[in-house]
Each structure stands twice: as C-alpha cells, then as structure tokens.
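# Structure assessment
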Amino acid sequence: MKRPPKETQQSARSIGRRSLVIGASQLAMVGVLGWRMRSMQVDEGDIYRSLAEENRINMRLIAPARGLVFDRNGVPLAVNEQNYRVIITREDAGDVDDTLDRLARLINLSPEEVESAKAEMARRPAFVPVTVAERVPWDDVAKVTVNAPALPGITAEVGLSRHYPRGSDTAHVVGYVGPVSDYDLSKIEDPDPLLQIPRFQIGKTGVEAKYEDVLRGSAGTKRIEVNAAGRVMREIDREEGKSGADIQLAIDSRLQSYAEARLEGESASVVVMDLESGDLRAVASAPTFDPNLFVRGISGPDWRALNENKYRPLSAKTVQGAYPPGSTFKMVVAMAALESGLVGPEDTEYCPGYTEVGGTRFHCWKRGGHGNVNMHRSLQESCDVYYYEVSQKIGIDRIAEMARRLGVGVEHDVPMSAVSMGVAPDTQWKRDRYGEAWRIGDTVNASIGQGYVLATPLQLAVMSARLATGRDVRPRLVHSVGGVIQPSGAGEPMGLNENFLRRVRAAMFDVSNAQRGTGFGARIVAEGMQMAGKSGTSQVRRITAEERARGVTSNADLPWERRDHALWVNFAPYDNPRFAVSVVVEHGGGGSSVAAPIARDVTLQALYDGPPPLEAYPSNLRDAIAEQQKRIENHVARGMTASDRA
Amino acid sequence: MSYLETNAKFVPTGFRKLLYLNWPVILLLAAVSSFGFLMLYSVAGGSATPWMEPQVKRFGVGMVAMLVVAMVPIWFWRNMALIAYGGSLALLVAVDMFGEVGMGAQRWIDLGPIRLQPSELMKISLVMFLAAYYDWLPLRRTSHPFWVLLPVVFISIPTLLTLAQPDLGTALLLLIGGATVMFAAGVHWAYFATVIAAGVGTIYAVFASRGTTWQLLKDYQYRRIDTFLDPSNDPLGAGYHITQAKIALGSGGWTGRGFMQGTQSRLNFLPEKHTDFIFTTLAEEFGFVGASTLLALYALIIFFCLVSAVNNRDRFASLVTIGIAMTFFLFFAVNMSMVMGLAPVVGVPLPLVSYGGSAMLVLLLAFGLVQSAHVHKPR
C-alpha cells in the first residue's frame, strides 16, 4: 500500500519518539546490570573470592606414622611395615575386565579379589583408585611396574601397616590394632578426625589400646584443589603430621618368648617381676594367638577357632584370670596373724588332719595330720589346719587388709586390657556383694586361699615381690614413653615388721630347699641363686561323695575343666632377691609338681639372662633339662621365623 | 507499495550494497562473538574442541547467511512475513507433537541434518509479521481496539505454545519482543499502562491473598514460586547453580583471575558453563573490566540498531529493526540478570557467546534483516 508522504512523516516521527522511550528504558536496564556487576565484583568481590577459595580448597588428613613398641633391650615388638598394594583407576583403565584379566595372568590374584575390586569400582566415581590386591610381594610389584604400558590405570602403591615381629609371644601385652568400628566411635566423645580416614587402624587391646593417644600421633593436613565432583585436581601444600611416640616396654622379649615356649601345651600364665623397679620382665599367657591376623582382618574360621577354644587363647590370663590362690595365700594369713600380735611366730597349733568349725569338718590336705605346727612348718609343709585355727583367731578383716597391702584384691595400673581386680573378701565385701553376713566357715575357707578369695597371676607376683622386699613394689609394664622414663615401681617400705618378714621368707626358702618342703623337687642348687617359694593347689570344685563312691579320688580321673589349678609363687635369689615370679597352670594339678618346675626354669632364665648352666639344677634332673632346653630353643627359633615370614 | 519501493531508484544496487552495510554493527557482532570463542576455548580447559571450533564454523556460516539476507531487498522480506509466521507456527505445533525432548523440555525438531528450534525461528518471524502488519495497517487504525486485539492474538498463540513446552525464557522474549513492536508502531500508551497495571495487580493479589481465606493458589504452588524467585531457599537444588554462578562472578573482582585461571569453571563448580552460564566464566576470568566491556558492546549494537531504525523512513524496516534489537537486548539482559541473581533462572542463552548453533544462526539471520533494512533505504 502506498503511503502518502505526510503519513510516512507522521509514522517516522512517532517511531522516533517511541524509539527514544525504548532506548531510554534499555539504557536504564543496562545501567542496572552494570551497577549490579560493579557491586558484586568490586564492592563484594572479596567475599565472593573467599567463597570461591573455600569451594575449591579441601583439607585432607594425612595419617601419621604410628609409634613403635620396643622391649627393654630395644627389640621391636610392634613396627610399621611397608607393604605394596596394586590399585586400579577405572577412568584410566580402558577396558576394565580386559585389564584385570591381564593383571591376573601376571600376578597371583584370586577371583574374589577381582570381583570385589570390580564391585567397588562400580560403586565409586571413575577417578577414585580402588585397591585390587594388598600385601603384594616385591616380585609382583616389579612385574606390574615393568608391564605398566600393558596395564593402563594400574599402579603399585606403598603403604604402612602394623606388624608384630614377635608374633604370638607378645600378643597379650602389646595387643593389636584394627580398623575403627562404629562401636569405637560411639565410645569416644570428641573423635579425632583421623578416625574417619577409611581403613585407619587404632589399638584394640593391650598397650596398643591403652596408649592409643600416644602411639597415634597427630594428623598432618594437605590442602588440595578439588572440583565440584570432589575430584582432586592438584595438591597445593601439605603439613606433615607428628608421628606417634615410641614406647619401650619393661618386657624382656627373650624371656617372654622363653616363657611362652615353656608354657606350650598348657593353659597357663607366668609373670616375672623385677624387684628393683617393679619392671614386668615377662607377662606370658598360654595358649596365645598371632596378632598379625587381626591387622589383616581376621577370617571368620580363624576367629571362631580362637573364640571357641576352651583354653581361651585370646584371654590374657596373667591379668584377666582370677583364681583361688590356694596355699600361695598362706603367707598373707601368716603375715596378718603375726602383725596382729595375736599369734607369735613360735606359737603352735595342733593338726589332727582336720578341724571342726560350726559342725562342718575341714580337712588338712594331709589326712594323717601334721601334729604340732608352728608358722615356719605350716608354710614349709603347707599345713591347712594351722591356718584354719589362726584365721579364726585374727578374723577375716585382718586377712583381707593384709591381702590388699600385699597386692591381692586391688587394682594394679598396668596398660593391659580387662585387668581383673581379684577379690580380697571381708565382712563388708560379702554384705555388699551378697547381702549376707560373713560366716566363720567363709573365714576358714579363705585362710587357705579358697572360697571367695581370688587373685590374678600378676597380683601373686606382686605379693611375692612385696614379701621379698618389704616395699610396696608396683608393677611397671611401660619403661618409657616417647623417651620419657616412667616412674619406677620400686616402692617404699610398707612398715611391715622386718623380723616377721624374715621368718616368712625363711619358711618359703625351706619350701623350696628343705627335704620336707613341698617345692623341694623344683629347687635350684646353684650357690647364691636359690629361690624361696610357695606352692598352691586350688580346688575348682570339691570331689563329691558320689564321685568318691565311683572311685574318683585323684585329679587325673576328673575332666580337665574340674581339675585343680596348680599355682606357684617365688622370689630369687633368696639372699639378694632380684625377681619375683608367679605361675598359674589352669587345671594343671598339683602346684609343686606342675607349676614349680615352670617357675624354676623361668626364674633361672631371668637370673642368668639366658639359658642357665645345667649345674644350677639338681644332678638327677640335668639330662632331662638339657633335652628340654634344646627343645625350647628350637621352638623359639621356629616361632620367630614363622612370625617373621608372616 | 511502501515509501521505499516508490523510491527504489535511490536504493543502492549490486556490489555497491556492500558499502552501505551497517558496518559498525557487523564489527560489534564479530567482537562479541570473539568474546564467545575465547570463553568457549577457556571453559574447554584450553582446547578448541569440543565447543570453540564448531562455534567459529557456525559463526562463519551465520555471517554468510546474514550477508545473503542483507543483500535481498527489505520489501521481499516484508512480503515473506506472513509465510514466515505461518511456517514457524506450524513448526511450533509440530514440535509439541513430534518434538524430541531435550533438557527436560520439548524444543527441538529433527529435520535430518539440522536440529531446529522453532521457537528461535518464531522470535524473528513474530517481529517480522507484526512489523509487516503495522506497515499494512493504516496509521489511524493503530490504536483501534479491534486492530490492537489482532496482534495480541498473533503474539499470544506462539507465546502460549512455547510456554507449554515449557520454555519460559522464550515465551518471555516473544511476549516482550512483540509488545515492543506494538509500542514502537504507536499503539496508544493507555493499553500498555492498563496491561501493566492489571499484571501488577494480579501479582499483588496472588501474594496478598497468601495465608488468607481467599488464597488464590495452593500452598505448594506458592512454595514453587518462592523457590523460583529466590533459589537460595533451595541451596542444593535450583539454588546451587545460581549460588555457584554468583561466587564465580563475584570472585572476578576488578580485573578477573586471568584467562583460563577461573577456578569455578575450571573445577566444574559452574553448571552449563558453556551455555547459559558462560557469562560467569567471563566475569570470573576477566573481572569487572571484561564483563562491563561485553555489556558496553551489547549496548552499542542496540544503539546502532536504534539509530538505523530512527533514520529509516520505511515503517516495516524501522519496526523490524526495533523489534530485533529488542529481542537481542532481552537475550543478554535476561541472561545477565539471571546469572547475577537479579532474575530467576529461565534458560536464556547469552547471545552470540553461549554455545549453541540454532540460536547463533537465527540471531545472525535476524541481523541480516537489520542489515537489509539499513542497506535498502534511499540515499
């Protein structure tokens, strides 16, 4: 349509005016945009800049190297071992199945390892490296490295893992580490962020657990740049953490290994204590287990085998086992009696072989009786009736107090797991525990270390040490932490009458060295090395009348679980005591026949700081001992190579 | 026969037309596109693939197409307006029925080698058609209610169709682009005032009624509106993108972090960093200086277009230029407002900079019309 020039002009004018409005509003909008840009980029730029930094910079923790554990001579008991693992990164691997096939042809890979690696890769983003195999031998690492071009995405990596070179010999003392469990986390109020690291391991038992804070060290950090998907782009800087402090134990690993080997085949424990410092030279419990199994993650069958074993290999019987101390408790009663002033050292009791208390007949182990018995003879020949009578004169509370002073029924501060307190019962205890009044029969039972009395092997060793020194010797398991020597356990004089102590020690000497002493068969004959000891045989359960009728008269006729515990305590040398030793053989039978020889052998090893000369033994035993020493040496050597190989 | 055709003998012909092209606009378009190439190279981590290279090729094709369109007399395009509008509308309907679903919305139609976005095409077609309508309509009828209602229907149909896809950004562009042509054509301002007042009133009523007995929308609808208007209510969903975009933009500071040094885009914090959110990368790496330079370039393109429109005495040529300029303006204004947190995220690309073939081609064709209008005026 043709438009007249006038209309064209009118249109152009109108468009010009309206364009001005449009242009002006557009300009206003551009102004708003520019102003917004300025305020965001210039005025608030710093805020956004720091937000951007927070966005891309991520702190990652670096696990510190765990502190090492040594024995008193610097022999490593817990170390960090370098091991190699083979990892695969999916996004670099190309055809994952094909690559893993080639890897499996090259190194030893189980189908399970391959499957679990594939499963983990499927779960995680393509850039996350996944472990295919752990603890790969060096040969395989070399093969992987050499064949790298054929194995895209696969690399060998070095890591640290805990290793216990002495294996099972120190398992109960040193303990072991394992991955952090939810239960562990729930126990800690303010968990160390380190615990969140996947596969981070913490101490689960023993020194590893008790000194976890010291051994763990503190986390290092590295700052890394990540993208929105969490992928690491590069490392910006890192601050190394502080390695955990090393711990030196008072344990003498050679003696410890000897003790473990000597206990082989028994369900038993040995404690060797240094009287000068309270150092625990050996704390051995048999049977034992390989702590390295736990570090790797113990298999179901292995775990069941350990857990269901009736000899309880996982239990540290030295501190967890609480046994009726039997006759080894008689020194406590003797000291309580003498200290009470109610009984003199030479006062005698008549032993007809039994005594009647409240209508119940209590027997002496010697049916025929001992006749007139004073304190010395009562210990030497272990007369029960003497203690039945004496305990009634002094009362249970005096006995319990003396027990606690000598270290039975009290807590000892040793960094091991589930340390038992034992029981030194008194009237108050029974009221609290059972809500019943203490009866005289309880006192009679307690006087020979039966009834409610319970002591751990550690407590028995402490008792022996305190009797030998008159000081309140305290057990010391850790010699130094991070180079700082721990306070000595030598202790202060306890204020016990030295004359009484001397008499008790002399009686203990005769237990071991007099013809009629119960421990004469396990004596030491080397001059200046003789030991003073006391046997104990504690009943787990009385032989019932019915059983007696069936002809069950001796221990050997009973099932293992119901046989007597064999106990022994001693110190040596008698003249100048250096070590206190306790031995408990669960359901082992007689203390003097089963426990005493073990104690003798371990004591001699401690005294000679190695295998003792055969001359230290009575001549009739030397051939058998020589045989035994050879066997144990082989055993120790074999055990060590076995755990080193593992 | 319009004014121009009667004066056709004064219009440049043959190769002389090249001299009369709106060269400042061409240079500005090239400059803006170059910004785009640079950013696409950067967001790909310093690589021409996968984005910069195809974008450069498309720019080349688009420039040639623009020149071809520019060489064709403007009255030819005016005569094509109805066909263009009808065709685009048909494609839009087709897309609703057979279109492929991309990015959660039905937008594409697959024509063998080219994947076409009819809504893009509609942006020009609508402007062309409305300009032609007002060129045809006698001036005195411009504000007559019936002759106002008619273009409102022309605008509403494609707007509602794109809204149904749903493509809020394009619907908004069609609505405002069309309204701008009506406004420029001289429709009485009272109509606009009424519509704006009614719109504001409705919005006010919707919000004012919230929580009262006569509440106009359901509660969940209000919550959706809340999130749409202020994505920070939903920091892990819709809010995440906009928060990251603002961080990128703000952290650019005065001069930026340097080319290819932007951590937000480099480290993949930014969503759609090569398309709708490319401006944030630019602002992060070149700072306020770079971002405001781009804004100024855009503003200059609009300025030269408006100058060309005002100086053109042909009604269709002027209106089509103003309409296209407004559409172009809306592209970058909405996109920038969106990434700067001034407007909700509606999915509008940054014109000529964001990666995308359909949008770039259509925009350059539109500028072909602007050029044609500029060339074919009597000297």
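Residues numbered from 1 in each chain as written. Chains lettered and ligands numbered in written order. Predicted model: local features only at pLDDT ≥ 70, side-chain atom pairs only at ≥ 80, totals over all residues. Heavy atoms only, no water.

### What to know about the overall build of chain B
As a reminder, the rule being used: For the purposes of this entry, the term helix denotes a DSSP run of H or I that reaches at least four residues, the term strand denotes a run of E that reaches at least two, and both are numbered from the N terminus. The criterion used for residue contact is that any of the two residues' heavy atoms lie within 4.5 Å. Throughout, the Shrake-Rupley method with a 1.4 Å probe supplies accessible areas, and for residues the shown protein chains are the sole cover considered.
Of regular secondary structure, chain B possesses 15 helices and three strands. By sequence separation, contacts in chain B at least 24 residues apart represent 73% of the contacts at least 6 residues apart. Within the structure as shown, chain B displays about 15400 Å² of accessible surface, and the carbon and sulfur contribution to it stands at 71%.

### Thoughts on the pattern of salt bridges
Residues and elements named next belong to chain A. Cut-off, in case you're wondering: The salt bridge criterion pairs a side-chain nitrogen of Lys or Arg with a carboxyl oxygen of Asp or Glu, the two atoms within 4 Å. Residue exposure (1.4 Å probe, protein chains only): buried if accessible area is under 20% of the type maximum, exposed if over 50%, otherwise partly exposed.
Across all of its chains, the model carries 30 salt bridges over all chains by this definition. The shortest N-O distance in the salt bridge between Glu208 and Arg66 comes to 2.9 Å. Here Glu208, found in helix α9 (residues 206-210), pairs with Arg66, found in the loop between β1 (57-62) and β2 (69-70); they are 142 residues apart in sequence, far enough to count as distant. The exposure class assigned to Glu208 is buried, which follows from its relative accessible area of 0%. One network of salt bridges, with partners in common, ties together Arg66, Arg162, Glu208, Glu212 and Arg216.

### Let's talk about the interface of chain A and chain B
Interface extent is often summarised as the accessible area lost during association of the parts. Going by this rule: Accessible area that two parts lose when put together, evaluated with a 1.4 Å probe and summed over both, is termed the buried area. Side-chain classes follow a simple rule in which Ala, Val, Leu, Ile, Met, Phe, Trp, Tyr, Cys and Pro form the nonpolar group, Asp, Glu, Lys and Arg form the charged group, and the remainder, Gly included, forms the polar group.
With 41 residues of chain A at the contact, the number on the chain B side is 62 residues. Looking at the side of chain A facing chain B, the largest losses of area belong to Arg18, Met37 and Gln41 of chain A, adding up to 16% of the total buried there. Summed over the shared surface of chain A and chain B, the result is zero salt bridges. Those elements that provide at least two residues to the side of chain A that touches chain B are α1 (5-43), α2 (45-56) and β8 (220-226) of chain A. Ranked by residue count, the leading element in the side of chain A that touches chain B is α1 of chain A, at 25 residues. Its residues assigned to classes, the side of chain A that touches chain B comprises 17 nonpolar, 14 polar and ten charged.

### Here's the deal with unusual backbone geometry
Residue and element names in this part refer to chain A. For the peptide bond that leads from Ala286 to Pro287, omega is -10°, which places it in the cis range. Mapped onto the secondary structure, Pro287 falls in the loop between β12 (280-286) and α12 (292-296). Following Ala572, the chain continues to Pro573 via a peptide bond in cis, the omega torsion being -10°. Here Pro573 is to be found in the loop between β20 (565-572) and β21 (579-585). One non-glycine residue, Arg312, adopts positive backbone phi at about 50°. Relative to the assigned elements, Arg312 resides in the loop between α13 (300-308) and α14 (317-320).

### Remarks on the nonpolar core
Going by this rule: Take the buried residues of types Ala, Val, Leu, Ile, Met, Phe, Trp, Tyr and Cys, join any two whose side-chain atoms come within 4.5 Å, and each joined set is a nonpolar core.
Membership of the largest hydrophobic core comes to 113 residues, with the highest contact counts inside it found for Phe279, Leu294, Phe332 and Met336 of chain B. For this core, the leading source of residues is helix α14 (residues 315-339) of chain B, giving 18 residues. Excluding residues within four positions of it along the chain, Phe332 of chain B makes contact with Val30 of chain A together with Leu295, Tyr298, Ala299, Ile302, Leu350 and Pro351 of chain B. Of all hydrophobic cores here, the second largest spans 91 residues; its members include Tyr387, Val408, Ala455 and Ala461 of chain A.

### What about helix α7 (residues 145-163) of chain B?
Quick note on the threshold: By this rule the span expected of a helix is its residue count minus one, scaled by 1.5 Å.
Here α7 of chain B is 19 residues long and its end C-alpha atoms lie 26 Å apart, about the 27 Å a rise of 1.5 Å per residue gives. Along α7 of chain B, the positions that sit buried rather than exposed are Trp147, Val148, Pro151, Phe154, Ile155, Pro158, Thr159, Leu161 and Thr162 of chain B.

### Topic: helix α4 (residues 96-106) of chain A
Residue and element names in this part refer to chain A. Rules: The arc refers to the directions leading from the helix axis to the C-beta atoms. Identification of polar contacts relies on pairs of N or O atoms within 3.5 Å, with a donor-acceptor requirement for protein atoms, meaning one able to donate a hydrogen and the other able to accept it, and with residues adjacent in sequence counted only if both atoms are side-chain atoms.
Along α4, the positions that sit buried rather than exposed are Val96, Thr99, Leu100 and Leu103. Considered in projection along α4, the buried side chains sweep an arc of 95° and stay on one side of the axis. The N-cap residue of α4 is Asp95: its side-chain oxygen and the backbone nitrogen of Asp97 are 3.2 Å apart.

### So, the pairing of strand β3 (residues 76-89) of chain A
Both faces of the sheet carry side chains from a regular strand, because those side chains alternate between them. Residues and elements named next belong to chain A. Here is the rule we go by: We call two strands paired when DSSP finds no fewer than two bridges between them.
Where β2 lies against β3, two bridges are found, and the strand directions are antiparallel. Within β3, the residue paired with Val69 across the bridge is Ala78. Taking the residues that link successive antiparallel strands as the turn, the β2-β3 hairpin has five residues, and the phi of Gly74 there is positive, at about 85°. Here β3 runs beside strand β5 (residues 154-163); their pairing, made up of ten bridges, is antiparallel.

### Focus on the packing of aromatic side chains
What characterises a pair of aromatic rings is the spacing of the ring centres plus the angle enclosed by the ring planes. How we decide: Under the pairing criterion, centres of Phe, Tyr and Trp rings, with the six-membered ring standing for Trp, must be within 6.5 Å; the plane angle then separates stacked pairs below 30 degrees from edge-to-face pairs above 60, leaving the rest tilted. Placement of a positive charge over a ring is assigned whenever Lys NZ or Arg CZ falls within 6 Å of the ring centre and within 35 degrees of the normal to the ring plane.
Across all of its chains, the model carries 33 aromatic pairs over all chains by this definition. Ring centres 5.9 Å apart and planes at 80° place the aromatic pair Trp429 of chain A and Tyr434 of chain A in the edge-to-face group. With a relative accessible area of 40%, Tyr434 of chain A lands in the partly exposed category. An aromatic cluster is defined as three or more aromatic residues linked by ring pairs; in this entry it consists of Tyr85, Phe129, Tyr133, Tyr134, Trp136, Phe146, Trp147 and Phe154 of chain B. A cation over a ring is seen here: Arg18 of chain A above Phe183 of chain B, with NZ or CZ 4.4 Å from the ring centre.

### Considerations on the environment of Tyr355 of chain B
All names here are of chain B. With respect to the helices and strands, the residue Tyr355 is situated in the loop between α14 and α15 (357-375). Distance from Tyr355 to Asp276, taken between C-alpha atoms, is 8.3 Å for residues 79 residues apart in sequence. Ignoring any residue separated from it by four or fewer positions in sequence, one finds Tyr355 in contact with Leu40, Pro50, Trp51, Pro54, Gln55, Arg58, His274 and Thr275. Within the structure, the side chain of Tyr355 is placed 3.3 Å from the side chain of Arg58, a separation counted as a polar contact.

### Side note on the domain arrangement of chain A
Residues and elements named next belong to chain A. We count it as follows: Domain delimitation in this document rests on an assignment produced automatically or drawn from a domain database.
Taken domain by domain, chain A holds domain 1 (60-249) and domain 2 (253-480 + 490-645). Here domain 1 and domain 2 have C-alpha centroids that lie 44 Å from each other. Taken together, the contact between domain 1 and domain 2 spans 30 residues of the former and 32 residues of the latter. Summed over both partners, the interface of domain 1 with domain 2 comes to about 2700 Å²; 55% of that surface belongs to carbon and sulfur atoms. The largest per-residue losses of area from domain 1 upon contact with domain 2 belong to Arg72, Asp169 and His172, which jointly make up 25% of the total buried on that side. Our count for the contact surface shared by domain 1 and domain 2 stands at one salt bridge.

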